[in-house]
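# A look at the structure
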Amino acid sequence: MEIIQKFGLEAKLFLFQLVNFLIIVFILKKFLYAPLKKTLDERKCKIEQSLQDAKNAKIALENAGEEGKKIISEAKSNAETLTAAMKVSIEETKENATFEAKRRSEQIIDDAKQKAEAEFENMNKQIGKMSIDISGKVISKVFSSLFTDDEKQKLVSRALEKIDEKITN
Amino acid sequence: MQISPDILFQIAGFPVTNTVVTTIITDIAIIALAITMGKVISLKPGKTQNAVESVIDYFRDTAKEIAGDRAEFIYPWVLSFFLFIVISNLISQFPGFESIRFHTLASDHNGVPFLRAATSDLNLTLALAVVSVVVTHYFSIKHTGIKAYFTRFITFRMFPIFLFVGILEFVNEVTKLISFSFRLFGNIFAGERVMATMYGLLSFGLPLPFMVLELMVALIQAIVFAMLTMAFMHIMTDKSH
């Protein structure tokens, strides 16, 4: 009893401190721990959700990268196919153009030949005609003094006939 | 300075001691903290919320590491012990303790200190110890069942070895009360004595290192009380023990 008195132990004070602490625990639980726990759990949930979203985004990004690579590869392959097709087409076009040009040049040459031949024939005819005229004039000038008009006429006619025959042959 | 707290006055037969005054100041501080924090809690914490959250998180995580799924029951009690003791101990480091005097009919011309560290009153430390032990036993019954709880103290298995172990367990529970209450009381009371002596020797400069020491003691004793409670709660609620 003496020790208890020395330490100041008293039932009223002890009970007061006991009840006081229990009230403090109750207040802390109700006003501090409960809302704080709720907030902490909410934040934890949000962080976990954000991490999950980030993970999903990373996966989506990786998939998009792979998809992009696939598209690029397909595009490359298509481009190669198109280039090959183009090369073939160009070769064909080139060949066609060469052939057409050749054909047309030959045609032009043929046409030119035909025209030249026609010209040549025409010229021949004109030259013949001119030579007849000139021969006629020469003969008439040469024989005008030697023969009578009738003889001249006959000679000229016969000469012309001969020339004509020669030309036609 | 006497070991027992000084009675300042009485209200309807209830003795209001200087430690009771400090207890009420501690209560006001805790209630203010709880209500203010409860109102300003948000998902994006400020500095104060961060500090409180880190303390709560520390005890919650430690309780989870030690007691697993029982942590949700254990940590509010452990945290309450810590907050109450640490705030009470830190408040007693403020100027005015010991120096503000109160004159009673029984006191001499120097009067008695108006404020004294709440935990330097054995009534408070014993009350805290009783709450700790009772709540521990309540959780023990709740989690292990009443049969397993009593088997811890009374069993005739391997007679008389486990009967003796049971008696030791009972003695252990009584000594828990004594160790809890006297450790906290002794440390804080001794700290106050040391500080009073230092102030008596030289008021300027000399008490400063001891003040730092007392701040550390204030924190360490709160942690020791809280951690021991956590450990005992874990042991008593674990079915394998």
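Just so you know, these numbers come straight off a predicted model, no measurement behind them. (Residues numbered from 1 in each chain as written. Chains lettered and ligands numbered in written order. Predicted model: local features only at pLDDT ≥ 70, side-chain atom pairs only at ≥ 80, totals over all residues. Heavy atoms only, no water.)

### Quick word on the overall build of chain B
Helix and strand content of chain B: seven helices and four strands. Ordered by position from the N terminus, the helices and strands of chain B form the series β-β-α-α-α-β-β-α-α-α-α. Along the first, second and third principal axes, the C-alpha atoms of chain B reach 65 × 50 × 40 Å. Residue burial in chain B is summarised as follows: out of 241 residues, 46% are buried. Counted over contacts in chain B with a minimum sequence separation of 6, partners at least 24 positions apart contribute 67%. For chain B, the exposed area adds up to about 11900 Å²; of that, 73% sits on carbon and sulfur atoms. Positive and negative side-chain charges of chain B, numbering 16 and 16 respectively, have mean locations separated by a distance of 7 Å. (Helix = DSSP H or I, 4+ residues; strand = E, 2+ residues; numbered from the N terminus. Buried < 20%, exposed > 50% of the residue type's maximum accessible area, 1.4 Å probe, protein only. Contact = heavy atoms within 4.5 Å. Areas by Shrake-Rupley, 256 points an atom, 1.4 Å probe, with all protein chains shown as cover. Lys, Arg positive; Asp, Glu negative; His and termini not counted. Charge placed at Lys NZ, Arg CZ, Asp CG, Glu CD.)

### So, the side chain of Thr119(B)
Residues and elements named next belong to chain B. Within the secondary structure, Thr119 sits in the loop between strand E4 (112-113) and helix H4 (122-144). Judged by relative accessible area, which is 0%, Thr119 ranks as buried. What Thr119 contacts, discounting residues up to four positions off in sequence, is Ile85, Ser88, Asn89, Leu124, Thr125, Leu184, Phe185 and Ile188.

### Focus on the pattern of salt bridges
Across all of its chains, the model carries seven salt bridges over all chains by this definition. Glu100(A) is paired through a salt bridge with Arg103(A); the nearest N and O atoms lie 2.7 Å apart. Residue Glu100(A) and its partner Arg103(A) are located together in helix H2 (residues 11-143), separated by three residues, close to a single helical turn. Relative accessible area serves as the criterion here: at 36%, Glu100(A) is assigned to the partly exposed category. Within the structure, one salt-bridge network assembled from shared partners comprises Lys37(A), Asp41(A), Arg60(B) and Glu72(B). (Salt bridge = Lys/Arg side-chain N within 4 Å of Asp/Glu carboxyl O.)

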